[in-house]
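Examination of the molecular architecture
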Amino acid sequence: ALYLESLIADDGEIQSHEPIVGPLKPGQMVVHRSIERTSAIVVPSDIHSSEQKYKSSLDTVSRRQIWKAAERTRHYALRLVLTTKTGSNDDTDIPEAPTEERSYRLRETSRLLDSRMQYLTLASEVDLNDAENHLRLGINYLVKISSDNQLGLDEQSYIDKAVFHFEKAAALCPTDARTHSQLATALRAKMEYEQRLHMEGADRDYDSLESVYLNRMRDALERSVQLGSAAVRVCANGIDDLSLSLHKLAETLCRMGELDAALDAIDKWAECGSLRSGLAVEDKNHQHQSPIPSFKWIQAQGDDDTNTTILNRRDIALTTVGDLRVFEPADVSLLRAAADKHFAQTAGQQTSRYTMQYEGNSEVHLDDLCSADPDLKLRIDRILQERVYPLVRAAFGEDEDEPEPKGSICVYDSIFVRYNAEQAKAAGLRGASQPLHQDGGIYSVNIALNEHLDDSENGFTGGGTFFEALTVGDGDDYVQRPSAPGHAIIHKTTQRHAGAPTTSGVRDILVIFLTARQPEKSEIEEVTWRVERAMRLTPLAKQLSREKLISCLKLATKNDPTSHALPYALGVHLTQEGDMNDPSDERWEEICLGVELFERSIVLNPADARAHYNLGMALSDRHKYAMRTRRMHLLPPPQEAAESLINALETAIQLEIKCDEAGCSNGINIAEAFLTLGDFVLRLKNFDLARLYLNQVEECIKGVGDTDEDWAQSMLQQVSAMLDYIQENEAIVKL
């Protein structure tokens, strides 16, 4: 069949089947103008009678049918591109090409030239009705704005031109989702430009202008999402463009304070994640008889001083054990050979979509490897269905606090990672690694693909997954590795972890991020998406004004009350972003709430050195603020306050030292922690303890080699002044 974008209804009530011309029988023909945007697709013969069980979902019945049809069917078609030849009065004259063809050739030529703007402008003048010319012109103006910091007065002109061309393109082709999405981007650039003028003192009613721009952005993005969804529902377009539009729509709605509508956009954005991969989806209707690998839990030490349910649940991750592996040796060899071939073809050029790239790491998405190797895809699909999905259900299905997915488990993304220690060391690093982070999706599956030196003389050293939660207590097994190639470690994506430095050799792993499809029954809500709601809301919140940021983070916390990252983020904002010179009751309440939020974050994750560090700093700031604003009577008793601050910062130091030893530091300034401790106990007149803390400051600064930095010099001057004060007071006491 043929998908014709222009057949989508203009009234917003989009029925996915309307743009489909077909199914076409052998010998049938469709004729359309070349300016039409089309996509050839394979559809079942009864596509127009397919029942839509839940039209609000992207994963419709017809989409699944089309997907299956495309996998098992070969489609052959003859495409003829016709033009016309104009007559001429003289055989020596060159006939004039049709307007459409002139415009097309100018536009395509512009791709290769630095002077592309001139070619695109000429193309748009040659054919006034070609929307693609205006779209390309608008995009090029946006590129110019983002890449040139020296535009000066031309910036406003370029933004206005971008908006003009996108509006023109939208008028000429109202069913092109790309145009509406790009228009929203240009309007945002216009809004941010007006905001800068306002901050520089321009006499403008920015609040009114912002409201106008936000409403226009929302309208454009909602239309883009409608159009993009129609194409995705019949597999006429990939998921990435729609996902980007939903991201921008959710951000815009958060800026407008329309949080309920933002959640709807985020849910569909999360659904895009569940549809991104072409790998097999869990078949819940089929009972697999194959055995699954055995496993045991990796557990962190508990806290004997509390009966809090969350702290008693100390299962951090599972590791598979025994003879049956997730990947058999033949599977490992097949996958590594495919990756070797890809890396050889790309000559080291990164093809990963992830932005967190480190020296010594090479990455390739599993979907890309499978698209080039059908045999590999068949094997991966079988492993997912027979081992990975059943294993996840068996391990996490009994968690009462966080129930298992109601929809089918599927791959959110999967990536082959090669850690090359020598390349990393050549760049001045300790080894090839990844920093502390949380993953996207719901579950992370980490599969070893080669041997450690402990198991083979040709193996790598270092490496493994560093779990932050394992730093609590007296143990030192913070870094975990699967027991052998083909075995796996599986954990929830909210578990903070890092790739410990691989210090010699090469370490290969496959990481599979799992999420869930929307349940087939529309009245059932996919509860696991609440985790993704919270994870997607958090970065959006950081771009908002203070009031809206707080509301957004509170909404995220409501959706995932077990997340330690959310109270931590809100606590940081309340304690560090406010005005400490503001003596109002409102500011005092914010500081106290920030302290409570850090305490809540620590209850949820006692291993987060950042939370302990910021709690200690917040307690110190609260004490200073209370002294300045005469609120000392509202503080806890001095002994209790001192114990809380000392415990928070000393715990932060202990945890950060463990992280740093493993090569997975949080970046906490330990010297500043010791300085804060020294300053606090000095105010309590505990000179011996203050001296002990202050002497550690210089040692820490020397340890990291930052003695000559301005911040280090300033800190050392403070230490010197405090030690002089101690010495003077001790001399007075002796007299």
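Before reading on, note that the structure itself is shown above.
What comes next is a walk through the structure. (Residues numbered from 1 in each chain as written. Predicted model: local features only at pLDDT ≥ 70, side-chain atom pairs only at ≥ 80, totals over all residues. Heavy atoms only, no water.)

Some remarks on the pattern of salt bridges
Put simply, the rule is: The working definition used for a salt bridge is a side-chain nitrogen of Lys or Arg within 4 Å of a carboxyl oxygen of Asp or Glu. The helix count covers DSSP runs of H or I at least four residues long, the strand count covers runs of E at least two residues long, and both are numbered beginning at the N terminus. Buried, partly exposed and exposed residues are distinguished by accessible area as a fraction of the type maximum, computed with a 1.4 Å probe on protein chains only: under 20%, between the cut-offs, and over 50%, respectively.
Evaluated as defined, the whole model comprises 44 salt bridges. Where Asp176 meets Arg37, a salt bridge forms, and the shortest distance between an N and an O atom there is 3.7 Å. One end of the pair, Asp176, is in the loop between α5 (154-172) and α6 (177-199); the other, Arg37, is in the loop between β2 (20-21) and β3 (38-40), with 139 residues separating them in the sequence. A residue is classified by how much of its surface remains accessible, and Arg37, at 30% relative accessible area, is partly exposed. Salt bridges here are not isolated pairs; linked through shared partners, they connect Glu5, Arg37, Arg107, Glu108, Arg111, Asp130, Glu132, Arg136, Asp176 and Arg178.

Brief notes about the nonpolar core
What counts here: Here the nonpolar core consists of buried residues drawn from Ala, Val, Leu, Ile, Met, Phe, Trp, Tyr and Cys, with membership extended through side-chain atoms lying within 4.5 Å. By definition in these notes, contact holds between two residues if any of their heavy atoms fall within 4.5 Å.
By size, the foremost hydrophobic cluster in this structure holds 63 residues, and its most contacted members are Phe166, Leu242, Cys254, Leu537 and Leu553. Once residues within four sequence positions are removed from consideration, Leu242 is found in contact with Leu58, Val225, Gly228, Ser229, Val232 and Cys272. Judged by nonpolar contacts, the second largest core, of 43 residues, contains Leu619, Leu675, Leu694 and Val697.

Considerations on the sheet that holds β2
This is how the line gets drawn: When DSSP finds at least two bridges between two strands, those strands are taken to pair.
Strand order across the open sheet formed by three strands is β2-β1-β3, with antiparallel pairing between neighbours. Because the sheet does not close on itself, it has two edges, and the strands there are β2 and β3. Two strands pair when backbone bridges link them, and strand β1 (residues 2-4) and β2 are joined in this way by two bridges, in the antiparallel orientation. Note on β2: the bridge partner recorded for Tyr3 is Ile20.

Things to note about the side chain of Lys248
The condition is simple: Counting of polar contacts relies on pairs of N or O atoms within 3.5 Å, with two restrictions inside protein: one atom must be capable of donating a hydrogen and the other of accepting it, and residues adjacent in sequence are counted only when both atoms are side-chain atoms.
Examined against the element boundaries, Lys248 turns out to sit in helix α8 (residues 240-256). Separated by 2.8 Å, the side chains of Lys248 and Ser181 make a polar contact. Once residues within four sequence positions are removed from consideration, Lys248 is found in contact with Ser181, Thr185 and Leu221.

Side note on the side chain of Glu468
Positionally, Glu468 belongs in the loop between β11 (465-467) and β12 (479-480). Side-chain polar atoms of Glu468 contact the side chain of Arg496, separated by 2.8 Å. A polar contact is formed between the side chain of Glu468 and the side chain of Asn605, at a distance of 2.9 Å. If we ignore the near neighbours within four places in the chain, the residues touching Glu468 are Leu436, Arg496, Asn605, Ala607, Asp608, Ala609 and Asn666.

Quick word on helix α13 (residues 374-396)
Side chains that are three or four residues apart share a direction in an α-helix, a result of its 3.6 residues per turn. Let me state the cut-off plainly: In this scheme, a helix's expected span is set at 1.5 Å multiplied by one less than its residue total. Fitting one axis to the seven residues ending at a residue and another to the seven starting there, the bend at that residue is the angle between the two axes.
In this model, α13 (23 residues) spans 31 Å end to end at C-alpha, consistent with the 33 Å of a helix rising 1.5 Å per residue. Along α13, the sharpest change in direction is near 45° and occurs at Leu384.

Details of α6
Given a rise of 1.5 Å per residue, 23 residues ought to cover 33 Å, and the 34 Å separating the end C-alpha atoms of α6 matches this to within 8%. Within two residues after α6, Gly201 carries a phi angle of roughly 105°, on the positive side.

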